[in-house]
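# Descriptive analysis of the structure
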Amino acid sequence: MILNSCRIMTADNRARVAEERGAVDRLSNLPINAIQNIIGRMPIRDAARTSILSSKWRYFWAEYPEVVLDEQFYAEIMRNNSPNFFRTEYVNKVNGILFQHLGPILKFVLDIPELYSTQYSSIDQWLLFVSRKDVTELILHNRSPNPYKVPCYAFSCPKLAYISVTKCIFSAPNSEGFFGKLTHLVLETVTFQFSVLNLPQLVQLELKNCFGIQLLCVSTPSLRILNLLDNDDLDLSYYITCKDLEEVCIGLSDGVEHDKLDKNITLTKLLGCWPELECLYLNGSFLKHLAAGDIPQRLPIDQVNSLISLTQFRITYHCAEIACILCLLQSALNLSELEIWADKQIIYDEKTVSYLKEPGLMKQSFKGLQTVIMQMFKG
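Here the residue numbers are simple positions, counted from 1 along each chain's written sequence. With the structure being a predicted model, the display of local features is reserved for residues of pLDDT at least 70 and the display and counting of side-chain atom pairs for 80 or more, all residues being used for whole-chain, interface and lining totals. Note that water and hydrogens are dropped before the side-chain values are worked out from all heavy atoms of the structure.

The protein chain is annotated in an unreviewed UniProt entry as F-box/FBD/LRR-repeat protein At1g13570-like isoform X4 of Coffea arabica.

Put into structure tokens, the structure is as follows:
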């Protein structure tokens, strides 16, 4: 009876082993693009664990061309380690992943947790390693309260097409040949050191909440999308020559002194520089700056003939803002989308009310207008 039981168990074990082998064989026989698709949907640490599935899978994770070491990655390490050991364990894990990687790294994402300043040299080494791996997309977000200065060689790969950097110190390399294929540049809460950027292929530029803007010199002849929001200064001289611009967002920070800005930039001159403009986003503070000169009742038709979407945000109901808005509304004959966001603190003064009551103030009808959105208004 015992012998029969053993035979039965042995048979069951054999069946189980055969079933497991069949599962392994099915995994091994998956097409390469299916395996890459599976690995691409996994966090990097889980992807590394797939190496034990079969001999065919052993190096797939190490050859996958995207390395994402984001906030989720370091949060898991943080959960499994005490604060005293987390920083060392994090550096060791990243070292193990990067220096075992085979082949090109086309996309590299790094979210930097709070580290000791002595460990920033490890980040420098990681970026140097990646710069030699044909990287085309580089995303670097500093989640630490401490600033990190990005070394120039991080941008040395000639194939770089997309760069996004947050909360870092930025200094562009002085050598020619950098950024030749760059099409998208997104910099947020970045502190600039003196930088000259020649970006012949750049299509989209975003500078948000940046410091040291006056130290940035940039050439972007192919630019189509421009976003300048809440920076410590505003210099439009580099962009008024960009004739192909289709979308522009300008938000002037309240801390910027209007007296120091270029007084020659008026609403008429600015929009006259961008004949292909389709989408325009302007905040109330910048509208006040534009209103420093004379505001015409209507702009020349050819200046805003392409404009189909207009958004004004942080509007305080100041008379100068209203004058600019009405000028734009009466000029953009092809407008189909209008959006107005009021500021948290709206100023109601008698001058604005009297201005709006003037007869014949608004003569333009909006036959093509399809969408109107108004936000933050009360009363």
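From this point on, the discussion continues.
### Observations regarding the packing of helix H5 (residues 71–79) against helix H6 (residues 83–99)
Structural elements are reduced to axes, namely lines fitted to C-alpha atoms, with helices fitted over the stretch in contact, and the angle between N-to-C directions of any two is expressed from 0 to 180 degrees. Strands here are runs of E lasting at least two residues and helices are runs of H or I lasting at least four, both read from the DSSP assignment and numbered beginning at the N terminus. Contact geometry of H5 with H6 gives a least axis separation of 9 Å together with a crossing angle of 130 degrees. By the angle between their axes, H5 is oblique relative to H6. The crossing of H5 and H6 is right-handed. Contacts between H5 and H6 involve Phe 73, Tyr 74, Ile 77 and Met 78 from the former and Phe 86, Glu 89, Tyr 90, Lys 93, Val 94 and Ile 97 from the latter. Gly is placed with the polar residues, together with every amino acid not listed as nonpolar (Ala, Val, Leu, Ile, Met, Phe, Trp, Tyr, Cys and Pro) or charged (Asp, Glu, Lys and Arg). The residue makeup of the contact of H5 with H6, split by class, is 8 nonpolar, no polar and 2 charged. Working definition: roughly parallel below 35 degrees, roughly antiparallel above 145 degrees, roughly perpendicular at 65 to 115 degrees, and oblique for all remaining angles. Crossing handedness: left-handed means the near helix sits turned counterclockwise from the far one by under a right angle, and right-handed means the same turn made clockwise. By definition, residues are in contact when any of their heavy atoms lie within 4.5 Å.

### Quick look at the environment of Lys 208
Structurally, the position occupied by Lys 208 is in strand S10 (residues 204–208). With 43 residues separating them in the primary sequence, Lys 208 and Gly 251 have C-alpha atoms 9.2 Å apart. Among residues more than four places away in sequence, those in contact with Lys 208 are Leu 187, Glu 188, Thr 189, Asn 227, Leu 229 and Asn 231.

### Side note on the confidence of the model for the protein chain
Of all residues in the protein chain, 83% have pLDDT values of 70 or greater, and the mean over the chain is 84. Every residue in residues 1–9 scores below 50 in pLDDT, and together they form 0 contacts with partners more than four places removed in sequence or on other chains. Residue-level confidence of the predictor, termed pLDDT, takes values from 0 up to 100.

### Some details on unusual backbone geometry
A negative phi angle characterises most non-glycine residues, just as the trans form characterises most peptide bonds. Positive phi is not limited to glycine here, since Phe 179 has a value of about 65 degrees. Working definition: with a 1.4 Å probe on protein chains only, accessible area under 20% of the residue-type maximum means buried, over 50% means exposed, and in between means partly exposed. Taking relative accessible area as the criterion, Phe 179 reaches 5% and is therefore assigned buried.

### Examining the sheet that holds strand S4 (residues 148–149)
Spatial strand order, S4-S6-S8: 3 strands in an open sheet with parallel pairing. What marks the edges here is a single partner per strand, and that holds for S4 and strand S8 (191–192). When DSSP finds two or more bridges between a pair of strands, those strands are recorded as paired. Judged from the 2 bridges that link them, strand S6 (residues 168–170) and S8 form a sheet pairing that is parallel. By the bridge assignment for S8, Phe 170 is matched with Phe 192.

### A short note on the nonpolar core
Grouped together as the largest cluster of nonpolar side chains are 97 residues, with contacts concentrated most on Tyr 90, Phe 108 and Leu 207. Beyond its immediate sequence surroundings of up to four residues, Phe 108 is in contact with Val 67, Leu 69, Leu 98, Leu 127, Val 130, Val 135, Glu 137, Leu 138 and Ile 139. Here, nonpolar core means buried Ala, Val, Leu, Ile, Met, Phe, Trp, Tyr and Cys residues that are tied together by side-chain atoms lying within 4.5 Å of each other.

### Examining the packing of aromatic side chains
Stacked, tilted and edge-to-face pairs are distinguished by plane angle, under 30 degrees for stacked and over 60 for edge-to-face with tilted covering the rest, among Phe, Tyr and Trp rings (Trp via its six-membered ring) whose centres lie within 6.5 Å. The tally for this structure, following the rule as stated, stands at 11 aromatic pairs. Their ring planes at 75 degrees and their centres at 6.0 Å tell us that Tyr 90 and Trp 126 sit as a pair that is edge-to-face. Linking Tyr 90 in helix H6 with Trp 126 in helix H7 (residues 120–131), this pair joins segments that are 36 residues apart in sequence. Residue classification places Tyr 90 among the buried residues on the basis of a relative accessible area of 0%. Seen in terms of ring centroids, Tyr 120 and Tyr 148 are 5.3 Å apart; in terms of plane orientation they differ by 80 degrees. Their pairing is edge-to-face. One end of the pair, Tyr 120, is in helix H7; the other, Tyr 148, is in strand S4, with 28 residues separating them in the sequence. Classification of Tyr 120 as buried rests on a relative accessible area of 12%. Given the relative accessible area of 2%, Tyr 148 is considered buried. Put simply, the rings of Phe 73, Tyr 74, Phe 86, Tyr 90 and Trp 126 pair up and form one aromatic cluster. Here, a charge over a ring means that NZ of Lys or CZ of Arg falls within 6 Å of the ring centre while also lying within 35 degrees of the ring normal. The ring of Tyr 116 carries Arg 87 above its face, with NZ or CZ at 4.6 Å from the centroid.

### Quick look at H7
The terminal C-alpha atoms of H7 lie 17 Å apart, and with 12 residues this matches the ideal 16 Å at 1.5 Å per residue to within 8%. Of the positions making up H7, those classed as buried are Tyr 120, Ser 122, Ile 123, Trp 126, Leu 127, Val 130 and Ser 131. Of the surrounding elements, those touching the buried residues of H7 are H6, strand S2 (107–112), strand S3 (137–142) and S4. To estimate how far a helix should extend, the number of its residues minus one is multiplied by 1.5 Å.

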